[in-house]
Amino acid sequence: QKEVEQNSGPLSVPEGAIASLNCTYSDRGSQSFFWYRQYSGKSPELIMSIYSNGDKEDGRFTAQLNKASQYVSLLIRDSQPSDSATYLCAVNFYSSASKIIFGSGTRLSIRP
Amino acid sequence: EAGVAQSPRYKIIEKRQSVAFWCNPISGHATLYWYQQILGQGPKLLIQFQNNGVVDDSQLPKDRFSAERLKGVDSTLKIQPAKLEDSAVYLCASSPNFRVNTEAFFGQGTRLTVV
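Below is a summary of the structure that appears in this document.

**Digging into the overall build of chain A**
If you tally the helices and strands in chain A, you get 0 helices and 11 strands. Secondary structure elements of chain A occur, N-terminal to C-terminal, as β-β-β-β-β-β-β-β-β-β-β. In terms of C-alpha radius of gyration, chain A reaches 14 Å, essentially the compact-globule figure of 13 Å for 112 residues. For chain A, the spread of C-alpha atoms along the three principal axes comes to 45 × 30 × 20 Å. Put simply, chain A has 112 residues, and 47% of those count as buried. Of the contacts formed within chain A by residues at least 6 apart in sequence, a portion of 54% connects residues at least 24 apart. A total accessible area of about 5,100 Å² is found for chain A, and carbon and sulfur atoms account for 45% of it.

This is how it looks when you write it as structure tokens:
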């Protein structure tokens, strides 16, 4: 069974600080990785995708991938109250076709 | 570009009744997913279509759930009969194709309450 593991939180971070969210996955052959943000009562929206080892930056968001350790992380710099949401890690377990599996999500709360 | 459309947005039914959800993916997207999201959990993949063929339905409770994607465009997910534990948000998502580096785009979901 393909698995994606996340700490459910809640993770509480002061406004302006860096929030660090982590994710591990079970299949070493996985090739693409996504972070989705989900506000309460809303559907998930894609905020970052990463495909190769290293860092990928987009504005205040940085995704980090380490395939050897089967580990993906998301850093949010200068955290804002509007960043308070659940962050879902998703992994594309590709064999003959894509299969996108989600973790349980980490609830992030930015305190003023 | 229009997003993934789902209907209805909300549905309340009694246990043992049947219910159907409809999804229209982004135009041109070959891959369509149905996910079930129970409160406090991540989305769980129920079934995945590539055009009008099923790619994966290993997590679909086939004794009560069924899905189809006729003509490879819109899709319907049905539950018959519903159980209390089916209360969840049912999310439809689509991707341009089934290749490895494509993300999924979600509709607004259908919130099902079984009483």
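**A few points about the packing of aromatic side chains**
Residues and elements named next belong to chain A. In total, this model carries 10 aromatic pairs over all chains according to the counting rule given. Each ring, one from Y25 and one from F33, has its centre 4.8 Å from the other, and the planes form 45 degrees; the classification is tilted. You'll find Y25 and F33 in the same group, each marked buried. Above the plane of the ring of F61 lies R60, whose end atom (NZ or CZ) is 5.6 Å from the centre.

**So, the interface of chain B and chain A**
Taken together, the contact pairs 25 residues of chain B with 23 residues of chain A. Approximately 1,800 Å² of surface area, both sides summed, lies buried where chain B meets chain A, with 54% of it carried by carbon and sulfur atoms. At the junction of chain B with chain A, the criterion picks out 1 salt bridge. Across the pair K99(A) and D56(B) runs a salt bridge, and its minimum N-O distance is 3.0 Å. Where chain B packs against chain A, one counts 5 residue pairs in polar contact (both at pLDDT 80 or more). At the level of elements, β4 (31–37), β5 (44–50) and β6 (53–56) of chain B are the ones that each hand at least two residues to the side of chain B that touches chain A. Ranked by the residues each element gives to the side of chain B that touches chain A, the list is headed by β4(B), at 3 residues. Here the side of chain B that touches chain A is composed, by residue class, of 10 nonpolar, 11 polar and 4 charged.

**Details of the state of the cysteines**
Scanning the entire structure with this criterion turns up 2 disulfides over all chains. Paired by a disulfide, C23(A) and C89(A) hold their sulfur atoms 2.1 Å apart. The disulfide joining C23(A) to C89(A) has a torsion of about -70 degrees about its S-S bond and is therefore left-handed. Taken as a pair, C23(A) in strand β3 (residues 19–25) and C89(A) in strand β9 (residues 85–92) lie far apart in primary sequence, 66 residues in all. In terms of burial, C23(A) and C89(A) fall into one category: buried. In this model C23(B) forms its disulfide with C92(B); the gap between the sulfur atoms is 1.9 Å. Between C23(B) and C92(B), the S-S dihedral sits near -65 degrees, and the bridge is therefore left-handed. Of this pair, C23(B) sits in strand β3 (residues 19–24) while C92(B) sits in strand β9 (residues 88–95), placing them 69 residues apart in sequence.

**Describing the pattern of salt bridges**
Pairing of side chains with opposite charge becomes possible as their charged atoms draw close. All names here are of chain A. Within the structure shown, the criterion is met by 6 salt bridges over all chains. A salt bridge links E57 to R77; the shortest N-O distance between them is 3.4 Å. With E57 in strand β6 (residues 54–58) and R77 in the loop between β8 (71–76) and β9, this residue pair connects regions lying 20 residues apart in the sequence.

What counts, and where the lines are drawn
Residues numbered from 1 in each chain as written. Chains lettered and ligands numbered in written order. Predicted model: local features only at pLDDT ≥ 70, side-chain atom pairs only at ≥ 80, totals over all residues. Heavy atoms only, no water. Helix = DSSP H or I, 4+ residues; strand = E, 2+ residues; numbered from the N terminus. Rg over C-alpha atoms; globule rule 2.2 N^0.38 Å. Buried < 20%, exposed > 50% of the residue type's maximum accessible area, 1.4 Å probe, protein only. Contact = heavy atoms within 4.5 Å. Areas by Shrake-Rupley, 256 points an atom, 1.4 Å probe, with all protein chains shown as cover. Phe/Tyr/Trp six-rings, centres within 6.5 Å; stacked < 30°, edge-to-face > 60°. Lys NZ or Arg CZ within 6 Å of the ring centre and 35° of its normal. Buried area = accessible area lost by both parts, 1.4 Å probe. Salt bridge = Lys/Arg side-chain N within 4 Å of Asp/Glu carboxyl O. Polar contact = N/O pair within 3.5 Å; in protein donor to acceptor, adjacent residues only side chain to side chain. Nonpolar A, V, L, I, M, F, W, Y, C, P; charged D, E, K, R; others polar. Disulfide = S-S within 2.5 Å.

No statement about biological role is implied by the geometric values presented.
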